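Spelled out, the chains give:
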Amino acid sequence: MASEGEAATHYTTDDALTRIGFGRFQTLVLVYSGLGWVAEAFEIMLLSFVGPAVEAEWGVSGAEQGLVSSVVFAGMLIGSIAGGLIADRCGRRTGFLFTAVVTGIFGLLSAFSPNYASLLALRFVVGLGLGAGHVLSTWFIEFVPAAKRGTWMVVSHCCWTVGTILEALLAWAVMPVLGWRWLLALSSAPCFLLLVFFPLTPESPRDVLLTSLAEFPGLLLAALLVDRIGRKKSMGGMLLMCGAFLAPLSVQLGEGLVTTLLFCARTCIMGSFAVLYVYTPELYSASTRNTGVGITSSLGRIGSIASPLVTLGLLESCHQKEAVYVMDLVLFLAGVTCALFPRETKGCQIH
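Just so it is clear, the structure is predicted and the values come from calculations on it, not from any experiment.

Colleague: I would appreciate a short explanation of the overall build of the protein chain in the present structure.
Modeller: Looking only at helices and strands, the protein chain has 17 helices and 0 strands in total. Expressed as a percentage of its 351 residues, the buried residues of the protein chain come to 50%. Accessible surface, the protein chain as shown: approximately 15,600 Å² in total, 73% of it carbon and sulfur.

Given below as structure tokens:
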């Protein structure tokens, strides 16, 4: 009897999820969290199309065009931390309600920006909402059995790729006819879809008990590796491979080879990015998971803020090789850093 009581005491949420497996309910949760990834991809991807259009309409400089992207990532830096704190204190559902409301409303309002300054201010607030988007990822991971957690998390990241493709198609159809303001307005639609289906979403079981085309190969690679060789080796290996692919770009190459190398580099980057979103939530308990992921995500936004300013500045001054050197160095150091991560989380339970 004592042994039975002891076994019952140690029957965890992960034990229950493992016994249930990945079924219809988890599929619905995957679809909802995937819609969140699509919404985020829309808002990030549109920056590539809106920047040049704003430059043409308001006569802003290349650096000011880059600032349109940088302010979004500056907002994401703050929003990552705020969203994590909200989700850990008020519940996961409240956390992604925050990201959907802020991103959707201010994304729509930015379509009516009367001038450059107001566009920057509104896109900064959009960034606040986008920064909290990691809540959907951690919410989904808490419903998935431990044995296949890495694989299903990578699958969910495929929705980001779908979002980038859909946004590119939307821009192709809308921009020549209706202009960039309509693109901003229509790109906020996925956030409002999140709000429509929000009443049907369950709270995380942990809270109940306690509280584009080049990306697909990378996600497939990550899905194959993450549950087989572990999180640290997967991330480190793919990041170091990406340094390997960018290095030849520092010399004069033919256009076809450049495209191939960039494709391979993007493949590795997306794979390592997906694994990171598996590894980080597994390091924290349920009561601090979103806060920890939020702080980690916010640090990553520092690079997102600096990247448009640095790379556009170097490219405008005809320093293409130096721009490649900077990217290559950062990715190489990131790959080496993976070897210093504290522990491997492959197959571990989360609590």
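Colleague: I tried to follow the pattern of salt bridges on my own but got confused; where do I start?
Modeller: Note on pairing: side chains with opposite charge can pair once their charged atoms come close. Tallying each qualifying case throughout the model produces 1 salt bridge. With a shortest N-O distance of 2.8 Å, Arg 123 and Glu 43 are connected by a salt bridge. Separated by 80 residues along the polypeptide, Arg 123 in helix H7 (residues 116-131) and Glu 43 in helix H3 (residues 24-45) bring together distant segments of the chain.

Colleague: Would you mind going over the side chain of Arg 123 with me for this structure?
Modeller: With relative accessibility at 1%, the residue Arg 123 sits in the buried group. Other than its neighbours up to four places away in sequence, Arg 123 contacts Glu 43, Leu 46, Leu 47, Val 71, Val 72, Gly 107, Ser 110 and Leu 184.

Colleague: When you look at the side chain of Glu 167 in this model, what are you seeing that I'm missing?
Modeller: With respect to the helices and strands, Glu 167 occurs in helix H9 (residues 149-178). Leave out the neighbours within four places in its chain, and Glu 167 touches Phe 42, Met 45, Leu 46, Phe 49, Leu 183 and Ser 187.

About the criteria used
Residues numbered from 1 in each chain as written. Predicted model: local features only at pLDDT ≥ 70, side-chain atom pairs only at ≥ 80, totals over all residues. Heavy atoms only, no water. Helix = DSSP H or I, 4+ residues; strand = E, 2+ residues; numbered from the N terminus. Buried < 20%, exposed > 50% of the residue type's maximum accessible area, 1.4 Å probe, protein only. Areas by Shrake-Rupley, 256 points an atom, 1.4 Å probe, with all protein chains shown as cover. Salt bridge = Lys/Arg side-chain N within 4 Å of Asp/Glu carboxyl O. Contact = heavy atoms within 4.5 Å.

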